[in-house]
Amino acid sequence: MGGQLAKEQEQLKNLNFSEKELQKLYKNFSKIDKDKSGMLEPEEFFDIPELAQNPLVRRVIAVLDKNKDGNISFLEFVQGLNSLSAGASQEDKLRFAFQIYDINNDGFISNGELFTVLKMMVGSNLNDVQLQQLVDRTIIKADEDFDGKISFEEFCKMVKDLDVVEKLTINC
């Protein structure tokens, strides 16, 4: 157990956050951790009114949950936020956004994955036929190598004019 703790402390040092910012993040993490388990369960995220209304919260939780145990540890929490910090690279921020869409984590956004995530976002504002047409047009436009899916590089080109990086920057 001691070796694991030392490893986590070392990983915390390699982040873009100062000691003071990490303390602030831990304080916020502890506020969300209602049952004081030291882990954030998905239900605890939904207790936050701003997040409860966000259709992508489950996808963000899945991206943060690196060990796929269904909960978010403090280390997973700050590593995820690190990708969105002011000190993170543009590539880190775009990779985080890409992971929201890459549900099976294979390094590509398939037609089905894009449909699933956009369905979360648009809800019933578009019917499934309209949404599928949008997905198909998006894949055709972004898919430069004609393999039927969107790679990370193709994703970056597709979103380059959408100020995604600025929208994905948090300040502590």
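Residues numbered from 1 in each chain as written. Predicted model: local features only at pLDDT ≥ 70, side-chain atom pairs only at ≥ 80, totals over all residues. Heavy atoms only, no water.

Trainee: Tell me about the packing of aromatic side chains, and please be specific about residues and values.
Mentor: Counted under the stated rule, the structure contains seven aromatic pairs. With 5.4 Å between their ring centres and 70 degrees between their planes, F98 and F155 make a pair best called edge-to-face. Residue F98 is located in helix α7 (residues 90-101), and its partner F155 is located in helix α10 (residues 152-159); the two are separated by 57 residues in the primary sequence. Residue F98 is classed as buried on the basis of its relative accessible area, which comes to 3%. Among the aromatic residues, ring-to-ring pairing joins Y26, F29, F74 and F77 into one connected group. Positioned over the ring face of F152 is R95, at 3.7 Å from the centre of the ring. Sitting above the plane of the F108 ring, K149 keeps its charged end 4.3 Å from the centroid. (Phe/Tyr/Trp six-rings, centres within 6.5 Å; stacked < 30°, edge-to-face > 60°. Helix = DSSP H or I, 4+ residues; strand = E, 2+ residues; numbered from the N terminus. Buried < 20%, exposed > 50% of the residue type's maximum accessible area, 1.4 Å probe, protein only. Lys NZ or Arg CZ within 6 Å of the ring centre and 35° of its normal.)

Trainee: I'd like to hear about the packing of helix α2 (residues 19-32) against helix α6 (residues 74-82), residue by residue, with values.
Mentor: Where α2 contacts α6, the two axes come as close as 11 Å, and the packing angle between them is 120 degrees. In terms of their interaxial angle, α2 and α6 are classed as oblique. For the pair α2 and α6, the sense of crossing is right-handed. Here L22, L25, Y26, F29 and I32 of α2 come into contact with α6, specifically with F74, F77, V78 and L81. Residues belonging to the contact of α2 with α6 are distributed by class as follows: nine nonpolar, no polar and no charged. (Axes fitted to C-alpha atoms, helices over the stretch in contact; angles between N-to-C directions. Parallel < 35°, antiparallel > 145°, perpendicular 65-115°, else oblique. Left-handed = near helix turned anticlockwise from the far one by under 90°. Contact = heavy atoms within 4.5 Å. Nonpolar A, V, L, I, M, F, W, Y, C, P; charged D, E, K, R; others polar.)

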